[in-house]
Amino acid sequence: MQLFIGTIFPILISLISAGGVLFMAYLFLKKTGDREIRSAQIELKKERQKHFLPMRVEAYQRAALLMERIHPGSLVMRLHNPGFPARKLQADLLQAIREEYDHNVSQQMFISPQAWEMVRNSKEETIKIINLAGNQMDATAFSTDLAGKIFEIVVEVGKLPTEITVEYLRKELQELF
């Protein structure tokens, strides 16, 4: 028994000590590896941000410009021709909205889904305003009558969806920095 304790005990202590050293080395290497992985992820995120940030900023700018261009007042001022019939102006306004939207649809890749949803809803609400005004015109109405009706509706609505969306886009863009 004495021989057993004298021989096994030092071996057992050596094994426990070696196991402790190996365990500490494992923890150290794991912690160092995790730190390096986090550092690489942060660096990658910075690099990605540096590459994509200009495109995202441009997308927010273009989305805001889209909202300004399809604002009912802006559309009417750009496309109004006093000699046109109201139906012609209505068709031109709706076509301009579709073209502006189609031209900027790729911007949804760079702005948040919520922001793009607001852009899309603003487009639809603007179409509704124009159609609402157009449906109140008789067949002999001129574009000035339609323009007046659109401005009346805009005043009644107060803050238009396009204006709310521009504010939201501006806020989201500020959060990028």
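Since the model is a prediction, treat every value here as computed from it, not as a measurement.

What about the overall build of the protein chain?
Next up, step 1: A count of helical and extended segments in the protein chain gives 6 helices and 0 strands.
Next up, step 2: For the protein chain, whose C-alpha radius of gyration is 33 Å, the value lies well above the compact-globule estimate of 16 Å for 177 residues.
Next up, step 3: Sorting the 177 residues of the protein chain into buried and exposed places 31% on the buried side.
Next up, step 4: Summarising the internal contacts of the protein chain: among those between residues at least 6 apart in sequence, 76% fall at separations of at least 24.
Next up, step 5: When the accessible surface of the protein chain is summed, it comes to about 11,700 Å², and 64% of that surface belongs to carbon and sulfur atoms.

Focus: the packing of aromatic side chains
Next up, step 1: For the structure on display, the rule yields 1 aromatic pair.
Next up, step 2: Note that Lys88 overlies the ring of Phe84, its terminal NZ or CZ placed 5.2 Å from the centroid.
Next up, step 3: Looking at Lys123, its charged tip hangs above the ring of Tyr101, at a distance of 4.4 Å from the centre.

Digging into the nonpolar core
Next up, step 1: Within the largest apolar cluster, 37 residues are counted, with the highest numbers of intra-cluster contacts made by Ile111, Val119, Ile150 and Leu169.
Next up, step 2: Within the residue set of this core, elements represented by two or more residues are helix H1 (2–69), helix H2 (72–79), helix H3 (86–104), helix H4 (113–135), helix H5 (143–157) and helix H6 (161–175).
Next up, step 3: If near-sequence neighbours (up to four positions away) are discounted, Leu169 is found in contact with Tyr60, Ala63, Ala64, Met67, Ile111, Ala115 and Val119.

Let's talk about the packing of H2 against H5
Next up, step 1: Two elements in contact, H2 and H5, have axes whose closest approach is 10 Å; the angle formed by their N-to-C orientations is 165°. Judged by the angle between their axes, H2 and H5 are roughly antiparallel. For the element pair H2 and H5, the recorded crossing hand is left-handed. Residues Pro72, Gly73, Val76 and Met77 of H2 form the contact with H5, whose participating residues are Ala147, Ile150, Phe151 and Val154.
Next up, step 2: When grouped by side-chain class, the residues that make up the contact of H2 with H5 number 7 nonpolar, 1 polar and no charged.

Some details on the pattern of salt bridges
Next up, step 1: Evaluation of the coordinates by the stated rule reveals 9 salt bridges.
Next up, step 2: Between Glu124 and Lys123 there is a salt bridge, with its nearest N and O atoms 2.7 Å apart.
Next up, step 3: The shortest N-O distance in the salt bridge between Lys149 and Glu152 comes to 3.2 Å. Taken together, the residues Lys149 and Glu152, both in helix H5 and 3 residues apart, mark about one turn of the helix.

Some thoughts on the side chain of Ser122
Next up, step 1: Within the element layout of this structure, Ser122 appears in helix H4.
Next up, step 2: Overall, the relative accessible area of 2% leaves Ser122 in the buried class.
Next up, step 3: Ignoring any residue separated from it by four or fewer positions in sequence, one finds Ser122 in contact with Met67, Pro161, Thr162 and Thr165.

Side note on the environment of Glu100
Next up, step 1: Of note, Glu100 is situated in helix H3.
Next up, step 2: For the pair Glu100 and Arg69, spaced 31 residues apart in sequence, the C-alpha to C-alpha distance is 7.7 Å.
Next up, step 3: If we skip the residues at most four places from it in the chain, Glu100 touches Leu66, Arg69, Ile70 and Arg78.

What to know about the packing of H3 against H4
Next up, step 1: It is at 10 Å that the axes of H3 and H4 come closest, and there the two elements cross at 175°. As summarised for this structure, H3 and H4 are arranged roughly antiparallel, according to the angle between their axes. From H3, Arg87, Gln90, Leu93, Leu94, Ile97, Tyr101 and Asn104 reach across to H4, where they touch Trp116, Val119, Arg120, Lys123, Thr126, Ile127, Ile130, Asn131, Gly134 and Asn135.

Focus: the confidence of the model for the protein chain
Next up, step 1: Across the protein chain, the average pLDDT comes to 89, with 97% of residues at 70 or higher.
Next up, step 2: Averaged pLDDT values for the elements of the protein chain fall to 82 in H1 and rise to 96 in H4.

Comments concerning the side chain of Asn104
Next up, step 1: Note that Asn104 resides in helix H3.
Next up, step 2: Among the residues examined, Asn104 registers a relative accessible area of 5% and is labelled buried.

Brief notes about H2
Next up, step 1: Those residues of H2 that sit buried are Pro72, Gly73, Leu75 and Val76. Angularly, the buried residues of H2 cover 165° about the axis, an arc narrow enough to put them on a single face.

Rules behind the numbers
- Residues numbered from 1 in each chain as written.
- Predicted model: local features only at pLDDT ≥ 70, side-chain atom pairs only at ≥ 80, totals over all residues.
- Heavy atoms only, no water.
- Helix = DSSP H or I, 4+ residues; strand = E, 2+ residues; numbered from the N terminus.
- Rg over C-alpha atoms; globule rule 2.2 N^0.38 Å.
- Buried < 20%, exposed > 50% of the residue type's maximum accessible area, 1.4 Å probe, protein only.
- Contact = heavy atoms within 4.5 Å.
- Areas by Shrake-Rupley, 256 points an atom, 1.4 Å probe, with all protein chains shown as cover.
- Phe/Tyr/Trp six-rings, centres within 6.5 Å; stacked < 30°, edge-to-face > 60°.
- Lys NZ or Arg CZ within 6 Å of the ring centre and 35° of its normal.
- Core = buried A, V, L, I, M, F, W, Y, C linked by side-chain atoms within 4.5 Å.
- Axes fitted to C-alpha atoms, helices over the stretch in contact; angles between N-to-C directions.
- Parallel < 35°, antiparallel > 145°, perpendicular 65-115°, else oblique.
- Left-handed = near helix turned anticlockwise from the far one by under 90°.
- Nonpolar A, V, L, I, M, F, W, Y, C, P; charged D, E, K, R; others polar.
- Salt bridge = Lys/Arg side-chain N within 4 Å of Asp/Glu carboxyl O.
- pLDDT = per-residue confidence, 0-100.
- Arc of directions from axis to C-beta.

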